[in-house]
Amino acid sequence: MNTLLDAIHDPSDLRGLSDQEMDVLAEEIRQFLLENVSQTGGHLSSNLGVVELTLALHKTFSSPKDKIIWDVGHQSYVHKILTGRKDKFPSLRKEDGLSGFPKEEESPHDAFNTGHASTSISAAYGLAKARDLQHEEYEVIAVIGDGSLTGGMAYEALNNAGKGETKLIVILNDNQMSISSNVGILPYRLSQIRTRHLYLETKEGIRKGLAKIPKIGIPISNWIRRVKRRMKYMLVSGVLFEELGFVYLGPVDGHNCKELQKVFQQARNLDEPVLIHVRTVKGKGYEPAEENATRFHGVPSFDIESGNIVGSVFESWSEVLGRNLVRLARKYDNLVAITAAMVQNTGLEEFSHIFPDRVFDVGIAEEHAVTFAAGLAKGGLKPVVAIYSSFLQRAYDQILHDVCLQNLPVVFAIDRSGIVGEDGETHQGIYDIAYLSHIPGMTIMAPSCRLEMVAMLEYAVSYPGPIALRYPKGRVYIAPSEERRPPIVQGRGYIYKRGARVAILTVGVCRSMAEKAAKLLKQEGISPTLADARFIAPIDETLLEELASEHDLLVTVEDHIHTGGFGMQVAAFLSARKYPCEVQTMALPDKFIEQGTRESLLTNYGLCPDAIAERVRKFLARGEHNGGKKREA
Ligand SMILES: Cc1ncc(C[n+]2csc(CCOP(=O)(O)OP(=O)(O)O)c2C)c(N)n1
Ligand SMILES: CC(=O)[C@@H](O)[C@H](O)COP(=O)(O)O
Ligand SMILES: [Mg+2]
């Protein structure tokens, strides 16, 4: 059966549709989203919530001439469906497939690439300014969620853009949710206003009240009390934005396509910055997602009927962090945890139930999270800041200036380090060694397995200065033989298998790759020495000297880009010492790494047992060995 959606290949195909047809199309799109995302996985609930909003946007404005910027971009699936990409949905978030975020390389309708939160208003203001300075004519629209509006950048942009000279439309998609419930005073205030009617009525009420005072002689105190109460409603809604220089329109029912089009048209007719407050329901139209929008925020494949996740359940690195923090919090009264809007994803949910007063969700505010942690540490607490590697990029200065410069004992639990996979370029955690290891006083560790993670966490919470643990996304690695390991000693790695001629020194989870490579090589009579760096900073100079003096080749392996990585630092250290040992670094190439599964991307980029074994074979086949003797200076 032909559907309305079959006939949509471009936003202009919406033009002739009646209001009723738009409503039918909205339901077809929801069905399409469900059928596809249940197979591929992806960001479901945010997209179900913006179906009518996106339809109304594309019916009112003329993309790609008019520019729509999606904050974070995880809610851009409907936009992709309407802009000629629906046939690509079976490849969503797969290698060479459709991206889960806006990508100008994919379509001219994607006006600005996003992935990290709270950037849309700044980017839109920039585009709008560029338009005006070049005397061009088009609309610029930023669509930002209430969660993303908890990020400082959004306020910096509102403050800058609200001067009135530059036309810009901001659509605030208020669903009272970030990944989980939204936090902070502004989302709470927004929630207090339900309808536009109330807002207008309140304004009018105050005007009438003012007019009446002298006549009816209401005691002034009563009147002030009433006005104050009413003012609260005004502050709740538009006044904040109006004070910032935006015309405020709303709140509008975000599931009423006709109403949305009306208000979008109103905004279009204005000639100054406008903010439209749209109320939506995250997960709209699919019961399991409406009931648990958090679980369906970013979801793997699932069964539509039951809402159950397909595939095996496993213990993740994040869960190991969370479980052990609960244990350590019982031991240390001053231990507290901080998250930037990722309570569940960073493994802190259980902690938040057991110690609700000792966990702080600060919203999507990584910079604030770090300086807030610095303050907590200064005040005598032991903060553990759990943030993804790619989002921590934002807080570089706060780490350097507020934490490290004062040598404060803050623990950074850097989740999603290395390749994250399906989220692609914007989310890969492959720069953290480079942006952290040169900061004086910063200690960085990388656990190679669950046992090491637990030991390192224990070490970190009693360490007297700034310290970070980097660990990846997904299933925690449980070492097959839980052999006795040496205790954690500051800045020291260790050799766990002694061999000859070649040494392999690994960072974190790359250890298991080296162990597998060694098994392959053993069948060929090659026995490399294996060492676990444990610490990325400070670098273990004693271990490096030992490895370099006893081997012809030292191979380093890390799931991080090459430049600024561990291997580069090892090579720099040894090059000054003139050992006859060659250093080869195995790391990710210095480029933005695309989406795909973690496993296949690591393999494609040569971080796998086969590639390590091949490196060793090739070197030995060259036959140029120096016998490990120190070169004369
Ligand atoms: C800097 C940054 N921190 C954290 C995230 C992870 N993240 C992605 S979406 C999201 C919640 C966004 O909430 P909102 O903007 O309200 O959109 P909704 O999903 O509710 O539509 C978070 C925390 C991110 N993408 N970028
Ligand atoms: C859009 C976004 O930034 C998050 O939803 C992110 O995709 C979460 O990643 P994980 O699924 O690895 O927790
Ligand atoms: Mg939201």
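The name recorded for the protein in an unreviewed UniProt entry is 1-deoxy-D-xylulose-5-phosphate synthase, from Bianquea renquensis. The annotation that UniProt attaches to the protein under Sequence similarities (unreviewed entry) is "Belongs to the transketolase family. DXPS subfamily."

So, on to the environment of Arg 295. If you trace the backbone, Arg 295 turns up in the loop between helix H11 (287-291) and helix H12 (317-331). Using a relative accessible area of 34% as the deciding quantity, one classes Arg 295 as partly exposed. As for Arg 295 and His 43, which are separated by 252 residues in sequence, their C-alpha atoms are 9.9 Å apart. Every residue in contact with Arg 295, bar those within four places of it in the chain, is listed here: Gly 307 and Ile 309.

Let us now look at the coordination of the magnesium ion (ligand 3). Where a metal carries four tetrahedral donors, each ideal angle is 109.5 degrees; where it carries six octahedral donors, the ideal angles are 90 or 180 degrees. At 2.0 to 2.1 Å from the magnesium ion (ligand 3) lie its protein donor atoms, namely Asp 146 (OD), Asn 175 (OD1) and Met 177 (O). Each donor residue of the magnesium ion (ligand 3) lies on one chain, and together they are spaced D-x28-N-x1-M. We note that Asn 175, like Met 177, is buried.

With that out of the way, let us pick up unusual backbone geometry. In this chain, Ser 63 is followed by Pro 64 through a cis amide linkage whose omega measures 10 degrees. The residue Pro 64 is located in the loop between helix H3 (51-60) and strand S1 (67-70) in this model. Note the cis peptide between Ala 537 and Pro 538, where omega equals 0 degrees. Of note, Pro 538 is situated in the loop between strand S15 (535-537) and helix H20 (541-550).

Now for the UniProt feature "domain: Transketolase-like pyrimidine-binding" (unreviewed entry) in the protein. Per the UniProt record, "domain: Transketolase-like pyrimidine-binding" (unreviewed entry) is annotated on residues 315-479. End C-alpha to end C-alpha, residues 315-479 measures 14 Å, and it is 38% helix and 16% strand.

Lining the immediate surroundings of ligand 1 are 22 residues, of which Ser 46, Gly 147, Ser 148, Lys 282 and Glu 366 lie closest. The separation between a nitrogen atom of ligand 1 and a polar main-chain atom of Gly 115 is 3.0 Å. One of the backbone N or O atoms of Met 177 is found 2.9 Å from an oxygen atom in ligand 1. For ligand 1, the accessible surface in isolation is 590 Å², of which the surrounding protein chains cover 97%. Within the shell around ligand 1, the residues separate by chemical class into eight nonpolar, ten polar and four charged. A domain split of the shell around ligand 1 shows at least three residues from each of domain 1 (5-192 + 250-291) and domain 2 (317-470).

With that out of the way, let us pick up the packing of helix H19 (residues 510-522) against helix H23 (residues 609-622). When two helices pack together, you describe them by how their axes are tilted relative to each other and by the distance separating the axes. Contact geometry of H19 with H23 gives a least axis separation of 8 Å together with a crossing angle of 55 degrees. Comparing the axis directions of H19 and H23 gives the class oblique. By crossing handedness, the relation of H19 to H23 is classed as right-handed. Contacts from Met 513, Ala 514, Lys 516, Ala 517, Leu 520 and Leu 521 in H19 reach Pro 609, Asp 610, Ile 612, Ala 613, Val 616 and Arg 617 in H23. Considered class by class, the residues forming the contact of H19 with H23 number nine nonpolar, no polar and three charged.

Counting buried positions along strand S6 (residues 335-339) yields five of five residues, so the element is predominantly enclosed. Along S6, one buried face is formed by Leu 335, Ala 337 and Thr 339 and the opposite face, lined by Val 336 and Ile 338, is buried too. Of the strand pairs in this sheet, S6 and strand S8 (residues 382-388) are connected by five bridges, and their pairing is parallel. Looking across to S8, one finds that Leu 335 is bridged to Lys 382. Read as a crossover between parallel neighbours, the route from S6 over helix H13 (residues 349-354) to strand S7 (residues 359-361) is right-handed.

Analysis parameters
- Residues numbered from 1 in each chain as written.
- Chains lettered and ligands numbered in written order.
- Predicted model: local features only at pLDDT ≥ 70, side-chain atom pairs only at ≥ 80, totals over all residues.
- Heavy atoms only, no water.
- UniProt positions renumbered as here; feature names shortened; annotations may be inferred.
- Helix = DSSP H or I, 4+ residues; strand = E, 2+ residues; numbered from the N terminus.
- Buried < 20%, exposed > 50% of the residue type's maximum accessible area, 1.4 Å probe, protein only.
- Contact = heavy atoms within 4.5 Å.
- Donors = N, O, S within 2.8 Å, 3.2 Å for Na, K, Ca; no water.
- Near = heavy atom within 4 Å.
- Polar contact = N/O pair within 3.5 Å; in protein donor to acceptor, adjacent residues only side chain to side chain.
- Areas by Shrake-Rupley, 256 points an atom, 1.4 Å probe, with all protein chains shown as cover.
- Nonpolar A, V, L, I, M, F, W, Y, C, P; charged D, E, K, R; others polar.
- Domains from an automatic or database assignment.
- Axes fitted to C-alpha atoms, helices over the stretch in contact; angles between N-to-C directions.
- Parallel < 35°, antiparallel > 145°, perpendicular 65-115°, else oblique.
- Left-handed = near helix turned anticlockwise from the far one by under 90°.
- Pairing = 2+ DSSP bridges.
- Right-handed = clockwise from strand over helix to strand, strands pointing away.

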